[in-house]
Amino acid sequence: MNPVWVIAKKELNGYFNSLIGYLILSIFLIFIGAFTWLIGNDVFIRQQASLDEFFGWAPMFLLFIVPALTMKQIAEEKRSGTIELLLTKNVSSRQLVLGKFLACFLMVCITIAFTIPYYLTIVQLGNADHGAIIGGYIGLLLLSAAFTAIGIFASSLKDNQIVAFLLALVINVIFLFILGFVGNYFSGWVGDILNTLSIPNHYTSISRGVLDTKDIVYFGSLIFLFLFLAELKISKKS
Amino acid sequence: MDIQIQQLTKSYGFQKAVDNISFSVKTGEVLGFLGPNGAGKTTTMKMITNYIDIEQGDILIGGQSIKSGKMNRHIGYLPEHNPLYLDMPVIDYLEYCASLQSVSKSMIPTRIREMVRLCGLDVEKHKKIGELSKGYRQRVGLAQAMIHDPAILILDEPTTGLDPNQIIEIRDLIRQLGKQKTVILSTHILPEVEATCDRILIINHGKIVADGTASTLRKQAQGQQVLKVKIDEGDSNDIFEKLQKLEHVAMVDFVDRATNRFEIQSVAEMQSNKEIFNLCVKNNWVLSECIPFETKLEDIFRDLTLN
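Given the structure is predicted, the values throughout are model-derived calculations rather than measurements. (Residues numbered from 1 in each chain as written. Chains lettered and ligands numbered in written order. Predicted model: local features only at pLDDT ≥ 70, side-chain atom pairs only at ≥ 80, totals over all residues. Heavy atoms only, no water.)

Engineer: What exactly am I supposed to notice about the overall build of chain B here?
Structural biologist: Along its length, chain B carries 10 helices and 14 strands. A compact globule built from 307 residues would reach a C-alpha radius of gyration of about 19 Å, whereas chain B, at 25 Å, exceeds it by more than 25%. For chain B, the C-alpha atoms occupy an extent of roughly 80 × 45 × 30 Å along the three principal directions. Relative to its full complement of 307 residues, chain B shows a buried share of 50%. Partitioning the contacts of chain B with sequence separation of at least 6, the portion at a separation of at least 24 is 67%. As presented, chain B carries roughly 14,800 Å² of accessible surface, and 49% of it is formed by carbon and sulfur atoms. (Helix = DSSP H or I, 4+ residues; strand = E, 2+ residues; numbered from the N terminus. Rg over C-alpha atoms; globule rule 2.2 N^0.38 Å. Buried < 20%, exposed > 50% of the residue type's maximum accessible area, 1.4 Å probe, protein only. Contact = heavy atoms within 4.5 Å. Areas by Shrake-Rupley, 256 points an atom, 1.4 Å probe, with all protein chains shown as cover.)

Listed below in structure tokens is the structure:
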């Protein structure tokens, strides 16, 4: 069996063998459920068969949820010294990073999969735009993958989980809010670059149901970049 | 598989942790790696297992450099503080380690059973590792190191935290394994080296200061024969003078004048037991003690590493 899969399986089991997996799953579902169906500008107030509210709020919660999932992955291995055990086995730093990434990403996917009943409900309520909803889910998965890669990178830096969590949160906030916010103050190419780098720019167009190659390339590059940095950090051993 | 270490160097800042050391270990040999704390033992072991990068020199395993990164599956490694996943059950942990070492799926249950038997983990195998005592954790650490039946075992202080019975068991196990495998083990416990190792390598400040079997090291360190002698029924000054006149005696020292105890150093490469005996017979003294003084491994270690 490929080491990537062996590691991913162990870590995924770890989430469900402890409280963390269930806790994170329920926290996400409670909040996203409340904001989609009960609080604020929810589905019943809008009187539309759309999940826009869900796709709008989901990144706000994933912002916290994903770092909470990823924070222990490498930091804890470093703290307890088990990283030495892993890397002296037949496992490369790349396989380690990919395995950890895969486990966290699958965990996020499972969490998101629990919202599929929302889709089924909305379809019953009226004429839903299936394209937009499917696009929204694809966007959500790409966004989660990017957050997961950022989280894994943050976790690879130090042997402290809190530091990993906060750092991942800060990077997520930068990509989700700050780049776009600052970008609006600049005109010309600086503003263009900052806006191109910000997540909402790409996420919103996908969740409208427009699947553009450049958005997929954007998320792909983010994932690749942060996983690569994490690998670099781990393989630099002195 | 043989291990060859060639001009290995590693420095941290200005300090050389490992300074141009070369040695080799053959299959079927158990090498005891000795040295004070910070001498470079762990650093060397971490380089052999490819955990930290080699700065200069090379390490060959079965003729192939470890820099390729492909040699790790031939190595079983027990790191210094025996890191473990405390929330994993013993069996799951061993299975995880076996899969990571690319043991084929059909072989994994057999290997786990074998390791559980070999390391005496049968009673504890379903417990979480965090619930085990230190001795059992150490056994789990050994089991994970050997799960893929590696040709090479690198054990960093394998018997720390074990009780005397367990220490003897683990030593026997290492001896047994050492017949077919190449083993390097580091330790602070000197009798352990004598009990388990075919060869001793002492390093200090990153350099090799001694290399050989326990008995050759002793011979080198000892030089002259030293005897502790007690002679009854004679005047101490008279005995002292007569002893000093003996041909093979280089030096006589009073240990205790009242009970006539002496320490006698022989001339280099000479034995003075016979002369002393004959002298006693001639003078009607009673030779009630004659103990050859053996240099202890501890003394050799101190001599070589305290300078």
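Engineer: Honestly, the overall build of chain A in this entry has me stumped. Any pointers?
Structural biologist: For chain A, the helix and strand inventory stands at 12 helices and 0 strands. Traced from its N-terminal end to its C-terminal end, chain A shows the element sequence α-α-α-α-α-α-α-α-α-α-α-α. For 238 residues, the compact-globule estimate of 2.2 N^0.38 gives 18 Å, and chain A sits close to it at 19 Å. Dimensions of chain A, computed from C-alpha atoms along their principal axes, come out at roughly 60 × 50 × 30 Å. Looking at chain A as a whole, 51% of its 238 residues are labelled buried. A sequence separation of at least 24 residues applies to 76% of the contacts in chain A between residues at least 6 apart. Element-wise, carbon and sulfur atoms account for 69% of the exposed surface of chain A, whose accessible area totals about 10,900 Å².

Engineer: Looking at this structure, how should I read the domain arrangement of chain B?
Structural biologist: Many structure descriptions define interface size as the accessible area lost when the parts assemble. Taken as a whole, chain B is organised into domain 1 (3–212) and domain 2 (223–295). The distance between the C-alpha centroids of domain 1 of chain B and domain 2 of chain B comes to 48 Å. (Domains from an automatic or database assignment.)

Engineer: What is the right way to look at the packing of aromatic side chains in this model?
Structural biologist: Here a ring pair, both rings aromatic, is described through the centre-centre distance and the interplanar angle of the planes. All names here are of chain A. What the rule picks out here adds up to 21 aromatic pairs over all chains. With a centroid separation of 5.2 Å and 70° between ring planes, the pair formed by Y218 and F219 is classed as edge-to-face. Comparing Y218 with F219, the two get one shared label, buried. Grouping aromatic residues by their ring pairs yields a cluster made of W37, F54, F55, Y118 and Y137. One residue, K72, lies across the ring of Y15, its end atom 5.9 Å from the ring centre. (Phe/Tyr/Trp six-rings, centres within 6.5 Å; stacked < 30°, edge-to-face > 60°. Lys NZ or Arg CZ within 6 Å of the ring centre and 35° of its normal.)

Engineer: Explain unusual backbone geometry here, please?
Structural biologist: What you tend to see is this: most non-glycine residues have negative phi, and most peptide bonds are trans. Residue and element names in this part refer to chain B. Although it is not a glycine, N50 adopts a positive phi angle of roughly 65°. Positionally, N50 belongs in the loop between α1 (41–48) and β4 (56–61). Although it is not a glycine, E157 adopts a positive phi angle of roughly 50°. With respect to the helices, strands and loops of the structure, E157 is situated in the loop between β7 (152–156) and α5 (164–178).

Engineer: Looking at this structure, I do not really get the pairing of strand β3 (residues 30–34) of chain B. What am I missing?
Structural biologist: The side chains of a regular strand alternate, residue by residue, between the two faces of the sheet. All names here are of chain B. Counting buried positions over the 5 residues of β3 gives 5, a clear majority of the element. Of the two faces of β3, the one lined by V30, G32 and L34 and the one lined by L31 and F33 are each fully buried. As paired elements, β3 and strand β8 (residues 182–186) share 4 bridges and run parallel to each other. Of the residues in β8, the one forming a bridge with G32 is L185. Pairing of β3 with strand β9 (residues 199–204) involves 4 bridges; the strand directions are parallel. (Pairing = 2+ DSSP bridges.)

Engineer: Help me out: how do you make sense of the nonpolar core in this one?
Structural biologist: The tendency in soluble globular proteins is for nonpolar side chains to be buried side by side. A:I199, B:Y93 and B:I184 are the most contacted members of the largest nonpolar core, which totals 145 residues. Element by element, the count of residues in this core is highest for helix α8 (residues 130–157) of chain A, at 12 residues. In this structure B:Y93 touches A:L85, B:P83, B:L84, B:Y85, B:M88, B:I129, B:V140 and B:Q144, once residues within four positions along its chain are discounted. Grouped together as the second largest cluster of nonpolar side chains are 15 residues, B:V229, B:F240, B:C280 and B:W285 included. (Core = buried A, V, L, I, M, F, W, Y, C linked by side-chain atoms within 4.5 Å.)

Engineer: I tried to follow the interface of chain B and chain A on my own but got confused; where do I start?
Structural biologist: With 24 residues of chain B at the interface, the matching set in chain A holds 20 residues. In terms of surface lost to chain A, no three residues of chain B exceed B:Y51, B:Y85 and B:L100, which account for 31% of the buried area on that side. The tally of links from chain B across to chain A stands at 1 salt bridge. Residue A:E84 pairs with B:K46 through a salt bridge whose shortest N-O separation is 3.9 Å. Taken together, the links from chain B to chain A amount to 8 residue pairs in polar contact (both at pLDDT 80 or more). At the level of elements, β1 (3–12) and α2 (90–100) of chain B are the ones that each hand at least two residues to the side of chain B that touches chain A. Counting residues per element, the side of chain B that touches chain A draws most heavily on α2(B), at 5 residues. Of the residues in the side of chain B that touches chain A, the class split is 13 nonpolar, 7 polar and 4 charged. (Buried area = accessible area lost by both parts, 1.4 Å probe. Salt bridge = Lys/Arg side-chain N within 4 Å of Asp/Glu carboxyl O. Polar contact = N/O pair within 3.5 Å; in protein donor to acceptor, adjacent residues only side chain to side chain. Nonpolar A, V, L, I, M, F, W, Y, C, P; charged D, E, K, R; others polar.)

Engineer: I tried to follow the environment of B:D19 on my own but got confused; where do I start?
Structural biologist: All names here are of chain B. Mapped onto the secondary structure, D19 falls in strand β2 (residues 15–25). When the C-alpha positions of D19 and S65 are compared, they lie 19 Å apart, and in sequence the two are 46 residues distant. Ignoring anything within four residues of it in the chain, the contact list for D19 reads L8, T9, H205, G206 and K207.

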